[in-house]
Amino acid sequence: ARQSASAEHLECPVCLEVRDGHIHQCQADHLVCAECDRGLTTRLCPTCREPLHSLAQPNRNRFAERMIARLPAACDHCGAATTRGDKAGHELDCPQRPRACAAAGAGCAWSGLVGAKAAHEAQCVFVIHVAPLRVRVAELEPQNQRLQARGAALEPQGRTL
C-alpha cells in the first residue's frame, strides 16, 4: 500500500519504514528510527554523512514522533479505524482480541473471544481442578521444605542407631 505524502517524509532511510517509537535526527534534521540508529556501524547520518549525536544522548525529533502517532491505523483484531498512537491501547481492550483461559498457567491451551471466556472457564477442568491443586501445592511447599530439612538433619542420627 502506498503511503501518504506526509508519511513518506517520516520514512527511515535505512529500513525504509515509518517506525513507531523514538525517531532520531542529525543536525540537518534528517530522520533515522532509533532501532536503525542503534545498528549503524558509524555515527554518521545515513542521508548526509554528518556526525550523529551519541546513542547515550540522541537528538530526538519529537515532532516526527507525534506525526507518526497521528497516522491512521487499524486494529489487527476488529479492523476498527484508529491512529498508530492509540492502536496498542485499543487492541489491549478490543473485544475481538483472543483471550487465554485463566488457567493457562495450569496447562489449559484454550484461547477465544472475551464473550466465550466465562462459559469456557465454567467447565474447564484446569480451572475447576488443576489450578486449585497447584495453589494448594504452592501453599504446602514451605512446610515440605521444612520437613525435608528436619529429615536430613535426623538422617545422620538414624545411621548411628
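The structure this text deals with has already been given above.
Calculation notes
Residues numbered from 1 in each chain as written. Predicted model: local features only at pLDDT ≥ 70, side-chain atom pairs only at ≥ 80, totals over all residues. Heavy atoms only, no water. Helix = DSSP H or I, 4+ residues; strand = E, 2+ residues; numbered from the N terminus. Buried < 20%, exposed > 50% of the residue type's maximum accessible area, 1.4 Å probe, protein only. Contact = heavy atoms within 4.5 Å. Salt bridge = Lys/Arg side-chain N within 4 Å of Asp/Glu carboxyl O.

Chemist: So what exactly am I meant to see when it comes to the side chain of H120 here?
Modeler: Tracing the backbone through its elements, the reader meets H120 in helix α5 (residues 114–123). The exposure class assigned to H120 is buried, which follows from its relative accessible area of 13%. With sequence-adjacent residues up to four places away left out, H120 is seen in contact with C101, C108 and W110.

Chemist: Can you walk me through unusual backbone geometry in this structure?
Modeler: With the exception of glycine, most residues fall at negative phi, and the peptide bonds are largely trans. Despite not being glycine, L16 has its phi angle at roughly 60°, a positive value. Inspection of the secondary structure assignment puts L16 in the loop between α1 (5–8) and β1 (23–25). L16 sits in the exposed class, given a relative accessible area of 52%. Located in the positive-phi region is D29, a residue other than glycine, with phi close to 70°. Following the sequence through the fold, D29 ends up in the loop between β1 and β2 (31–33).

Chemist: Got a minute to help me understand the pattern of salt bridges in this structure?
Modeler: Pairing is possible between side chains of opposite charge, provided their charged atoms come close. In this structure the tally under the stated criterion is eight salt bridges. Residue R19 pairs with E17 through a salt bridge whose shortest N-O separation is 3.2 Å. We note a salt bridge from R19 to E35, for which the minimum N-O separation is 2.7 Å. With a gap of 16 residues between them, R19 in the loop between α1 and β1 and E35 in helix α2 (residues 34–39) connect regions that are remote in the sequence.

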